[in-house]
Amino acid sequence: MKQIHAAITAVGGYVPEYVLTNAELEKIVETTDEWIQSRTGIRERRILKGEGLGTSDMATEAVKELLQKKGLSPLDIDLVICATTTPDLQFPATANIISDKVGMKNAFGYDISAACSGFLFALTTGAQFIETGRYKKVLVIGGDKMSSILNYEDRATCIIFGDGCGCVLLEPDENGFGIIDSVLKSDGAGRAHLHQKAGGSAKPASIETVMNKEHYVYQEGQTVFKFAVKNMADVAAEIMERNGLTSESVTWLVPHQANKRIIDATRERMSLDPEKVMINIERFGNTTNGTLPLCLWEWEKKLKKGDNLVLAAFGGGFTWGATYIRWGYDS
Ligand SMILES: CC(C)(COP(=O)(O)OP(=O)(O)OC[C@H]1O[C@@H](n2cnc3c(N)ncnc32)[C@H](O)[C@@H]1OP(=O)(O)O)[C@@H](O)C(=O)NCCC(=O)NCCS
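Cut-offs applied
- Residues numbered from 1 in each chain as written.
- Predicted model: local features only at pLDDT ≥ 70, side-chain atom pairs only at ≥ 80, totals over all residues.
- Heavy atoms only, no water.
- Axes fitted to C-alpha atoms, helices over the stretch in contact; angles between N-to-C directions.
- Helix = DSSP H or I, 4+ residues; strand = E, 2+ residues; numbered from the N terminus.
- Parallel < 35°, antiparallel > 145°, perpendicular 65-115°, else oblique.
- Left-handed = near helix turned anticlockwise from the far one by under 90°.
- Contact = heavy atoms within 4.5 Å.
- Buried < 20%, exposed > 50% of the residue type's maximum accessible area, 1.4 Å probe, protein only.
- Near = heavy atom within 4 Å.
- Polar contact = N/O pair within 3.5 Å; in protein donor to acceptor, adjacent residues only side chain to side chain.
- Areas by Shrake-Rupley, 256 points an atom, 1.4 Å probe, with all protein chains shown as cover.
- Nonpolar A, V, L, I, M, F, W, Y, C, P; charged D, E, K, R; others polar.

1. What about the packing of helix α3 (residues 55–70) against helix α4 (residues 94–102)?
Put simply, α3 and α4 touch, their axes get as near as 9 Å, and they point 55° apart. Classified by the angle their axes make, α3 and α4 are oblique. Both α3 and α4 take part in a crossing whose hand is right-handed. Of the residues in α4, those touching α3 at S56, D57, A59, T60, V63, K64 and L67 are T94, I97, I98, K101 and V102.

2. Considerations on α4
Those residues of α4 lying buried are T94, A95, I97, I98, S99 and V102. The inward-facing, buried residues of α4 abut α3, β4 (79–83), β5 (108–112) and β6 (138–145). Positive phi appears at G103, one or two residues downstream of α4, with a value of about 90°.

3. A few points about the site of the ligand
The immediate surroundings of the ligand are formed by 23 residues, with T31, R39, C116, Q222 and N259 found nearest. Within the contact set of the ligand, a nitrogen atom lies 3.5 Å away from a side-chain nitrogen or oxygen of W35. The separation between an oxygen atom of the ligand and a polar side-chain atom of Q222 is 2.4 Å. Relative to its free-state accessible area of 950 Å², the ligand is covered by the protein chains to the extent of 75%. At the level of elements, α2 (33–40), α6 (155–158), α8 (221–242) and α9 (260–269) are the ones that each hand at least two residues to the shell around the ligand. The element best represented in the shell around the ligand is α8, accounting for four residues. Looking at the shell around the ligand residue by residue, the class counts come to eleven nonpolar, eight polar and four charged.

Structure follows, in structure tokens:
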């Protein structure tokens, strides 16, 4: 019997209309366009405006686009996995809210929380359900409304993140295309350097936690930067080595978009030409779980059947990983 791989067979994406430029941030916090661009590579990011709108609303748009492109009914979907750090609610899972909004009534669903590596972890999780032969259509979503947990008085964090969401459809493939291998890692000790201080069971929301601004992203930028540079490059190199990939045979690096300098370090470690790297950080910033699927969404038309893609991510937790995909279709 031939081995079943989980292949990506369609991609969807959504970014909100509102563009928050560096020039506008200059009016909010003590910063400059020059500083932001030279230290992060970011020029602008998208922000979801509108009362009551959350991550599920962006995901709903992305999923509807995917279904329409692929000519599928919402009822065709078996499973929905949503990777997010900014769920609509603490519970129920955002995946379920999305399923309800789109009408995916035959699907079960749940969320995955692994910060910026969440989409990669969700992709690997979704692939297992396909590889067993049990499920045929698994939707993996990654997205965040980071603006909902940013302190727009903290210039070191509010300049980095943006809102956006992407999704992919996984289906079985028996011809050697799809998700071939993954290296996934976490180290909980890293939580000290990147976290949200309150709002969970250890420190529920109170007047004090709100007054102390403990519901925002807390990040020790330099420490996170050092871990990200090393770990993302390490796993990317490891997945290449273990699959016999070379700088020539890798067609695309799809990196998490946290900082252009972290992306460059990973690319250099893989000895790749700059044209082989998907980069949209200058327009979207760091959309956390959204970065990888949004790259695939924007580059989909350039991808060819048989292309070798290496996806790599690093995020809070710490979590990090790399996935090797042999792309399965021409657009
Ligand atoms: C956050 C980050 C962009 C900051 O860049 P950096 O080069 O490390 O900058 P530092 O934190 O060392 O700060 C250097 C100086 O710039 C200042 N600074 C910070 N943000 C600034 C801003 N937006 N504008 C101007 N100055 C700023 C700091 O206050 C500091 O000033 P000081 O030297 O007077 O104290 C960078 O550390 C980073 O990208 N970290 C990793 C982010 C990441 O990958 N997160 C993972 C989540 S997926």
